[in-house]
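Remarks on the overall topology
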Amino acid sequence: MIILEGADAFPKQSYAVVTIGTFDGVHIGHRQILQKIVKQASDNNGVSVVITIWQHPRIVLQGVEESGLKLLSTFEEKAELLATLGIDYLVKIPFTKAFSQTSSEDFIRKILIDQVGTTHLVIGYDHHFGRNREGSFEYLQANIDNYGFTLQEIPRHDIDDVGVSSTKIRLALQAGEVDTAASYLGRNYELSGKVVHGQKIGRTIGYPTANLQLSESFKLIPAHGIYVVRVSVGEKDAYGMLYIGTKPTLEGGLKEVIEVNILDFEEDIYDEVLHLEFLKFIRGDMKFDSLEELTAQIGRDKESTIDILKQYSK
């Protein structure tokens, strides 16, 4: 897959099948659209093109903290997922406050037609684009004779009669429901971060942890608690217990931390990047009356982790 910074760099093609959207998380609903454009392009000896804006409009216009929006994927994660689906071109359009004033008609004319040369446009259910989200399937359909490309809308994808959306996946993760999130994503949710020095209390009670520092402040962190995770560092894979929380027993709940106790692993991995894949939620964060009570509970958490992992080895 070729990644282009801006649509003006796009090399004109004889047959370009295009879709537009943020595609946060590249969930199973998104995949219907993406698989459609890949097949359409292949059937017509053309290319599949995804046009996405980055950063997310709400984060740019309101700020990370003010918007309260957390994303399911970084741009790099999104690009990697799109590449696995066979997309030929990913066109990344920088979203700025100035760009936010681009009308839907200008977006269609300047980007879809003049720069990309769209032959066939596929958009998802209820997708909007352009200034104040004024562009829509209905708008395109009403004016399609003026554009010179064909148009198709993909309907909402349902699981158990629940419409799949990035918003619903975020809500599931914020509730610790990583199983639900995985069913909507079509894969387990992931976090990545660099291993940094912590207080090293874990090693004094027999459960050393790798403390993670995320590279992106907008990446969604699931609910506080203990999780079973798959851990990848470099070429090595392992399993572990992940803790997300504020350490209320030890620190009085001042700062959120992300730390993982990797099972049967003793290597020095400071400054390495860990990739975590959420497998199962064990319990929520808790405050204990003593370090001894906390240690005993971690022991029980480890037993639960091992029992859960037995299911994955079957």
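Before going into details, it helps to say that this report is about the structure given with it. (Residues numbered from 1 in each chain as written. Predicted model: local features only at pLDDT ≥ 70, side-chain atom pairs only at ≥ 80, totals over all residues. Heavy atoms only, no water.)

Quick notes on the overall build of the protein
- Counting its regular elements, the protein contains eleven helices and 14 strands.
- Each principal axis of the C-alpha atoms in the protein carries an extent, and together these give about 75 × 45 × 40 Å.
- Taken over 314 residues, the protein has a buried fraction of 48%.
- Put simply, 73% of the contacts in the protein that link residues at least 6 apart link residues at least 24 apart. (Helix = DSSP H or I, 4+ residues; strand = E, 2+ residues; numbered from the N terminus. Buried < 20%, exposed > 50% of the residue type's maximum accessible area, 1.4 Å probe, protein only. Contact = heavy atoms within 4.5 Å.)

Details of the sheet that holds strand β5 (residues 120–124)
- With respect to topology, six strands assemble into an open sheet ordered β1-β4-β3-β2-β5-β6, the strand pairing being parallel. Each end of this open sheet is capped by a strand with a single partner; those strands are β1 (2–5) and β6 (150–154). Within this sheet the neighbouring strands show an average axis-to-axis angle of 25 degrees, counted without direction.
- Two elements, β1 and strand β4 (residues 89–94), share four bridges in a ladder whose sense is parallel. Bridge pairing in β4 places Leu 4 opposite Val 91.
- Each of β1, β3 (47–54) and β4 is contacted by helix α4 (residues 75–84), which is oriented at about 165 degrees to β3, the strand it contacts most. (Pairing = 2+ DSSP bridges. Axes fitted to C-alpha atoms, helices over the stretch in contact; angles between N-to-C directions.)

Some thoughts on the nonpolar core
- Within the largest apolar cluster, 32 residues are counted, with the highest numbers of intra-cluster contacts made by Leu 242, Val 260, Leu 274 and Phe 278.
- Counting 27 residues, the second-largest nonpolar core is a separate cluster that includes Tyr 89, Ile 108, Ile 111 and Tyr 147. (Core = buried A, V, L, I, M, F, W, Y, C linked by side-chain atoms within 4.5 Å.)

Describing empty space enclosed by the protein
- Under the definition given, this model contains one cavity of 30 Å³ or more.
- Here the largest cavity defines a volume of roughly 60 Å³.
- Around the largest cavity sit Thr 22, Asp 24, Ile 53, Trp 54, Gln 55, His 56, Leu 71, Ser 73 and Lys 78, which together line it.
- Here the lining of the largest cavity is composed, by residue class, of three nonpolar, four polar and two charged. (1 Å grid on protein atoms, 1.4 Å probe; cavity = no way out; pocket = protein on both sides within 12 Å on 5 of 7 lines; lining within 4 Å. Points joined across faces, edges and corners; volume = space filled by probe spheres on them. Nonpolar A, V, L, I, M, F, W, Y, C, P; charged D, E, K, R; others polar.)

A closer look at the sheet that holds strand β9 (residues 190–196)
- Taken in spatial order, the six strands line up as β9-β10-β13-β12-β11-β14 and close into a barrel, and their pairing is antiparallel. Neighbour to neighbour, the strand axes of the sheet diverge by 45 degrees on average, direction disregarded.
- Of the strand pairs in this sheet, strand β11 (residues 225–233) and strand β12 (residues 236–245) are connected by nine bridges, and their pairing is antiparallel. What sits directly across from Val 231, in β12, is Ala 238.

Any link to function would need more than the numbers given here.
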